[in-house]
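# Chain and residue survey
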Amino acid sequence: MIQSGRGDYAAAVSFQHIRPDELEWITRPHEPDEAVRHVAELSEIAGLAHTRANIWRYEPGAKGRRHRHKAQEETFIVLSGTLSMYLGEPPERQDVPPGDVIHVQPGTALQSVNHGDEDLVVFVYGTPPESEQAELLDSAV
């Protein structure tokens, strides 16, 4: 159960508590021969008004679409597995192990890939939330 709360303090405290075992995983579109990516969208259920957040799960060999955001910066926190990010022009590979954080500024081309043999799970936080789609680019891998 996703919990919400509000305390009766001098300054009101409001929170959302989201448990990992209660996330709804959405399988992203993919070709029949492609490894699959799944996303748990957190923004709405967490009540995020000025930011956006998701947890992504990449099966071994899965890769995201290479893209660039005009205004949104993104922070990636690796929960398990190793995230391989291809950043910039030309793309440079950065491997990000569990517990590490990588922050990507707006306008930077990026692509996330799981080159490992176990699922990759990564928390992604972006601000400001963009109302239009990111610019899609040719794959780096």
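To keep things clear, this report deals only with the structure shown in the data block. No experiment lies behind these values; they were computed from the predicted model shown. (Residues numbered from 1 in each chain as written. Predicted model: local features only at pLDDT ≥ 70, side-chain atom pairs only at ≥ 80, totals over all residues. Heavy atoms only, no water.)

This next bit is on the packing of aromatic side chains. Per the counting criterion, the structure on display carries two aromatic pairs. Here the aromatic rings of Trp-56 and Tyr-58 are separated by 6.1 Å at their centres, their planes lie at 55 degrees, and the arrangement is tilted. Of the two residues, Trp-56 and Tyr-58, both sit in the buried class. On the basis of an interplanar angle of 20 degrees and a centroid distance of 6.4 Å, the ring pair of Phe-123 and Tyr-125 is categorised as stacked. With a relative accessible area of 32%, Tyr-125 lands in the partly exposed category. The ring of Trp-25 has Arg-57 lying over it, and the distance from NZ or CZ to the ring centre is 5.0 Å. (Phe/Tyr/Trp six-rings, centres within 6.5 Å; stacked < 30°, edge-to-face > 60°. Buried < 20%, exposed > 50% of the residue type's maximum accessible area, 1.4 Å probe, protein only. Lys NZ or Arg CZ within 6 Å of the ring centre and 35° of its normal.)

Counting through the fold element by element, Glu-130 comes out in the loop between strand E12 (120–127) and strand E13 (135–136). Arg-52 is the oppositely charged side chain nearest to the buried, salt-bridge-free Glu-130, at an N-O distance of 6.4 Å. Within the structure, the side chain of Glu-130 is placed 2.5 Å from the backbone nitrogen of Ala-71, a separation counted as a polar contact. Beyond its immediate sequence surroundings of up to four residues, Glu-130 is in contact with His-69, Lys-70, Ala-71 and Gln-72. (Helix = DSSP H or I, 4+ residues; strand = E, 2+ residues; numbered from the N terminus. Lys, Arg positive; Asp, Glu negative; His and termini not counted. Salt bridge = Lys/Arg side-chain N within 4 Å of Asp/Glu carboxyl O. Polar contact = N/O pair within 3.5 Å; in protein donor to acceptor, adjacent residues only side chain to side chain. Contact = heavy atoms within 4.5 Å.)

A few words on the pattern of salt bridges. Considering all chains together, one arrives at seven salt bridges under this definition. Arg-19 serves as the salt-bridge partner of Glu-22, at 3.9 Å between the closest nitrogen and oxygen. In this structure, Asp-119 and Arg-57 form a salt bridge, with 3.6 Å as the shortest nitrogen-oxygen distance. Within this pair, whereas Asp-119 is found in the loop between strand E11 (110–113) and E12, its partner Arg-57 is found in strand E5 (residues 52–58), the two being separated by 62 residues in sequence. Asp-119 gets classed as partly exposed once you look at its relative accessible area, which sits at 29%. What you see here is one network of salt bridges that share partners, running through Arg-19, Asp-21 and Glu-22.

What follows is about the sheet that holds E12. Taken in spatial order, the six strands of this open sheet run E3-E4-E5-E12-E7-E10, and their pairing is antiparallel. The open sheet terminates on both sides in strands that have one partner only, identified here as strand E3 (26–27) and strand E10 (101–104). Note that E5 and E12 share seven bridges and pair antiparallel. Bridge assignment links Arg-57 to a residue of E12, and that residue is Val-121. (Pairing = 2+ DSSP bridges.)

Before going further, it helps to examine the pairing of E10. Residues Ile-102 and Val-104 point to one face of E10 and are all buried, whereas Val-101 and His-103, pointing to the other face, are not buried. Pairing of strand E7 (residues 73–80) with E10 involves four bridges; the strand directions are antiparallel. When the bridges of E10 are listed, Thr-75 appears paired with His-103.

What follows concerns the pairing of E5. Along any regular strand the residues' side chains alternate between the sheet's two faces. In terms of residue burial, E5 counts as a mostly covered element, since five of its seven residues are buried. Sheet topology places strand E4 (residues 37–41) next to E5; five bridges connect them, and they run antiparallel. The residue of E5 that forms the bridge with His-38 is Arg-57.

Counting 16 residues, the largest nonpolar core has Phe-76, Leu-83, Met-85, Ile-102 and Val-122 as the members making the most contacts within it. Elements represented by at least two residues in this core include exactly E5, E7, strand E8 (83–87), E10 and E12. Residues in contact with Leu-83, not counting those within four places in the same chain, are Phe-76, Val-78, Gln-94, Asp-95, Val-96, Ile-102, Ser-112, Val-113, Leu-120 and Val-122. Grouped together as the second largest cluster of nonpolar side chains are six residues, Leu-23, Ala-40, Ala-53 and Ile-55 included. (Core = buried A, V, L, I, M, F, W, Y, C linked by side-chain atoms within 4.5 Å.)

By themselves, these are just geometric observations and shouldn't be taken as functional.
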